[in-house]
Amino acid sequence: MKKEFFILRLHDIGAIKFGEFTLKSGKKSPFYFDLRDMISYPDILNTAVNLIVDKIEDLDFDYISGIPYTALPIATLVADILDKPLIYARKEEKSYGTKNTIIGKFEKGSKCLIIDDLITSGESIIEISEKFNKEGIETIDFSVLIDRSDNAKQKLSNAGFNLHPIFELDEVIKILRTNNRITKQRASQIKKYTNVKHEKTDIKVKNNHLTKILKQKIEQKKSNLILSLDVDNQKDFFEIIDKTYKHIVMVKTHVDIINDFDENFIKKLKEYAITRNFMIFEDRKFADIGNTVQKQYKNGIYKIKQWSNFITVHASPGEGILQGLFSGVVNRSSFLLAKMSSKGNLMNDNYTRQVFEMGKKYSDVVSGYIVHANTKEELQRLKNKIPKGQLLLMPGVKLKAGEDATGQQYTTVEDAMQGGADCIIVGRGIIANNNPEKIAKEYKERAWKIYSNK
Ligand code: S5P
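Small disclaimer: the values here were computed from a predicted structure and weren't measured.

Comments concerning the overall build of the protein chain
So, step 1. Assigned secondary structure in the protein chain consists of 18 helices and 19 strands.
So, step 2. Seen through its principal axes, the protein chain has C-alpha atoms that stretch 80 × 45 × 45 Å.
So, step 3. A burial count over the protein chain gives 51% of its 454 residues as buried.
So, step 4. Counting contacts in the protein chain only where the partners sit at least 6 residues apart, residues at least 24 apart contribute 68% of the total.
So, step 5. Surface exposure of the protein chain reaches about 22,000 Å², of which carbon and sulfur atoms provide 48%.

Structure, rendered in structure tokens:
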């Protein structure tokens, strides 16, 4: 009843129109929604608020927001009913005074649900998310009154967002038709329009800015050190971060080796990343067909896509692996394994070269390469082949060269850095030391000395 009432009232006030309209994108459309005036009709506004409350009350979030202008008053009323704090993102960039883009009081590391009136392409959701994410607020759930888009729900879902629309276009048309507000011809005209495959309106995604953020962190923290935190329990994991975070730019995880893994682990890791200023790098080494890795990345108990800035990917399955992992995904990037550190690995020069070629082609989702070499000369030779702008991360690094019992080969910090590594990945060199803080500082300083002199 509420739903029907809402649509009929929108039609009464002229918020749903039929005819021939040109959309912002330049496309023609036989219908048009403009919900701006609904805030002046208490019965409509009230119904909208009620419908949204019913839809979202069981979701998990800390704050509510609305995209200015139309959805902001709606979000205010929803926030009041659900007793949640309201925050919102400024529409224009402010160039004076405090440069806060998010208005209201909030804590970093929390989750915000965002309300909008209409969704046409999904672009505004991506844009608003970037603003919130920059301030350390996670935005996963979006509720809109009407989804009139061409499959935005699916595209957003690929990008890691959940869209909760109250109405999809079909339902709006059905209500109008059963109440004789539109003719049969009009209804079928709209059906035909929506069935036409519109040219692909892919949501524009920016990923390679993660490369930029990592480079900024390197400069800001004067550190090239990535901590490979291969411990099997949460207590050790966070204790080691507490001791070393000042000296590292990124924490590399193997989340599947944490025995007491639970959702809290992810929540805490994300909070830590914000408050202790490091990036997150899940070393999952994806290596399957696109369709499978897409699921492995998004689903299962670890839901890696939700929390890890970077992942490692094997190029051997071909380009489809990157297409599967990243199509429609925002704010995520990868490193391709180009030359491993394990003795006798099968990655020969030809393979490594092809990995660089593939990474160059997909540089919006490939931030660089994992490359190991036993000498600085060898590393330098490989470094010279790496496409401009992409990074070389080197694992298998210790203060002294050597080997472990299962074929891991170590090169020194000095050789790695002189050979052109942008970052060194160090695990046991730090975590097996009885003073992780002191030794991390030493790795950092030794590497930075060479890097900063270049
Ligand atoms: O070729 C590689 C690639 C990677 S990502 N060799 C590696 O050792 N790694 C990872 O780096 C490995 O999975 C481990 O997490 C870390 C090295 O750990 P360490 O204890 O040997 O420093």
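After that view, the rundown keeps rolling.
Examining the nonpolar core
So, step 1. Ranked by size, the top nonpolar core spans 82 residues in total, and within it F237 and I424 carry the most contacts.
So, step 2. Tallying contributions element by element places helix α18 (residues 436–453) first for this core, with six residues.
So, step 3. In contact with F237, other than residues within four places in its own chain, are L229, V231, V251, T253, I258, F265 and L269.

Comments concerning the layout of surface pockets
So, step 1. Empty space within the second largest pocket amounts to approximately 460 Å³.
So, step 2. Along its surface, the second largest pocket is lined by 25 residues, and D230, K252, S341, P395 and Q408 are the ones closest to its centre.
So, step 3. Secondary structure elements with two or more residues in the lining of the second largest pocket: β11 (279–286), β19 (423–426) and α17 (428–431).
So, step 4. Here the lining of the second largest pocket is built from residues that sort into nine nonpolar, ten polar and six charged.

Section: the packing of helix α1 (residues 2–12) against helix α6 (residues 169–178)
So, step 1. One can describe the packing of α1 onto α6 by two numbers: an axis separation of 10 Å at closest approach and a directional angle of 80°. Here α6 runs roughly perpendicular to α1, going by the angle between their axes. Across from K3, E4, I7, L8 and H11 in α1, the residues of α6 making contact are E171, V172, I175 and L176.
So, step 2. Broken down by class, the residue content of the contact of α1 with α6 amounts to five nonpolar, one polar and three charged.

Concerning a negative patch on the surface
So, step 1. A contiguous patch of negative charge, built from D232, D236, D260, D262 and E263, is present on the exposed surface.
So, step 2. Look at D260 and you get partly exposed, because its relative accessible area is 36%.

Quick look at the packing of α6 against helix α7 (residues 184–195)
So, step 1. At a closest axis distance of 10 Å, the pairing of α6 and α7 adopts a crossing angle of 175°. Classified by the angle between their axes, α6 and α7 sit roughly antiparallel to one another. Taking contact as the criterion, the partners of L169, D170, I173 and R177 in α6 are, on α7, K184, A187, I190, K191 and T194.

Describing the pairing of strand β8 (residues 162–168)
On a regular strand, one side chain projects to one face of the sheet and the next to the other, so that they alternate.
So, step 1. When you tally the buried positions in β8, you get five out of seven residues, the bulk of the element.
So, step 2. As defined by bridge partners, strand β7 (residues 141–147) adjoins β8 across six bridges and the pair is classed as parallel. Looking at the pairing, F142 lines up with L163 of β8.

Side note on unusual backbone geometry
So, step 1. Here the amide bond leading from P68 into Y69 is cis, since omega sits at 0°, within 30 degrees of zero.
So, step 2. Mapping Y69 onto the fold places it in the loop between β3 (63–66) and α3 (71–82).
So, step 3. In this structure, N180 takes a positive phi of about 55° despite not being glycine.
So, step 4. One non-glycine residue, N277, adopts positive backbone phi at about 60°.
So, step 5. Position of N277 relative to the elements: it lies in the loop between α10 (263–275) and β11.

Focus: the side chain of S110
So, step 1. Mapped onto the elements of the fold, S110 is located in the loop between β5 (102–103) and β6 (112–119).
So, step 2. Of note is the side chain of S110, whose polar atom sits 2.4 Å from the backbone oxygen of E107.
So, step 3. Each residue touching S110, except ones within four places of it in the same chain, is listed here: D62, Y63, G136, I137 and E138.

Considerations on the side chain of D117
So, step 1. Examined against the element boundaries, D117 turns out to sit in strand β6.
So, step 2. Of the side chains bearing the opposite charge, R36 lies closest to the buried D117, which forms no salt bridge; the N-O distance is 7.0 Å.
So, step 3. With residues near it in sequence (within four places) discarded, D117 still touches L35, T70, A71, V144, L145 and I146.

Here we look at the domain arrangement of the protein chain
So, step 1. What the domain assignment reports for the protein chain is domain 1 (2–198) and domain 2 (209–453).
So, step 2. In this structure, domain 1 and domain 2 have C-alpha centres spaced 39 Å apart.
So, step 3. Approximately 870 Å² of surface area, both sides summed, lies buried where domain 1 meets domain 2, with 55% of it carried by carbon and sulfur atoms.
So, step 4. On inspection of domain 1 and its partner domain 2, the count reaches one salt bridge.
So, step 5. The salt bridge partner of K270 is E138, with a shortest N-O separation of 1.8 Å.
So, step 6. By residue number, the principal contributor to the side of domain 1 that touches domain 2 is helix α5 (residues 152–158), which donates three residues.
So, step 7. Of the residues that constitute the side of domain 1 that touches domain 2, the class distribution is three nonpolar, six polar and three charged.

Definitions and limits used
Residues numbered from 1 in each chain as written. Predicted model: local features only at pLDDT ≥ 70, side-chain atom pairs only at ≥ 80, totals over all residues. Heavy atoms only, no water. Helix = DSSP H or I, 4+ residues; strand = E, 2+ residues; numbered from the N terminus. Buried < 20%, exposed > 50% of the residue type's maximum accessible area, 1.4 Å probe, protein only. Contact = heavy atoms within 4.5 Å. Areas by Shrake-Rupley, 256 points an atom, 1.4 Å probe, with all protein chains shown as cover. Core = buried A, V, L, I, M, F, W, Y, C linked by side-chain atoms within 4.5 Å. 1 Å grid on protein atoms, 1.4 Å probe; cavity = no way out; pocket = protein on both sides within 12 Å on 5 of 7 lines; lining within 4 Å. Points joined across faces, edges and corners; volume = space filled by probe spheres on them. Nonpolar A, V, L, I, M, F, W, Y, C, P; charged D, E, K, R; others polar. Axes fitted to C-alpha atoms, helices over the stretch in contact; angles between N-to-C directions. Parallel < 35°, antiparallel > 145°, perpendicular 65-115°, else oblique. Patch = residues over 30% accessible without salt bridge, like charges linked within 9 Å, V, L, I, M, F, W, Y side chains within 5 Å. Salt bridge = Lys/Arg side-chain N within 4 Å of Asp/Glu carboxyl O. Lys, Arg positive; Asp, Glu negative; His and termini not counted. Charge placed at Lys NZ, Arg CZ, Asp CG, Glu CD. Pairing = 2+ DSSP bridges. Polar contact = N/O pair within 3.5 Å; in protein donor to acceptor, adjacent residues only side chain to side chain. Domains from an automatic or database assignment. Buried area = accessible area lost by both parts, 1.4 Å probe.

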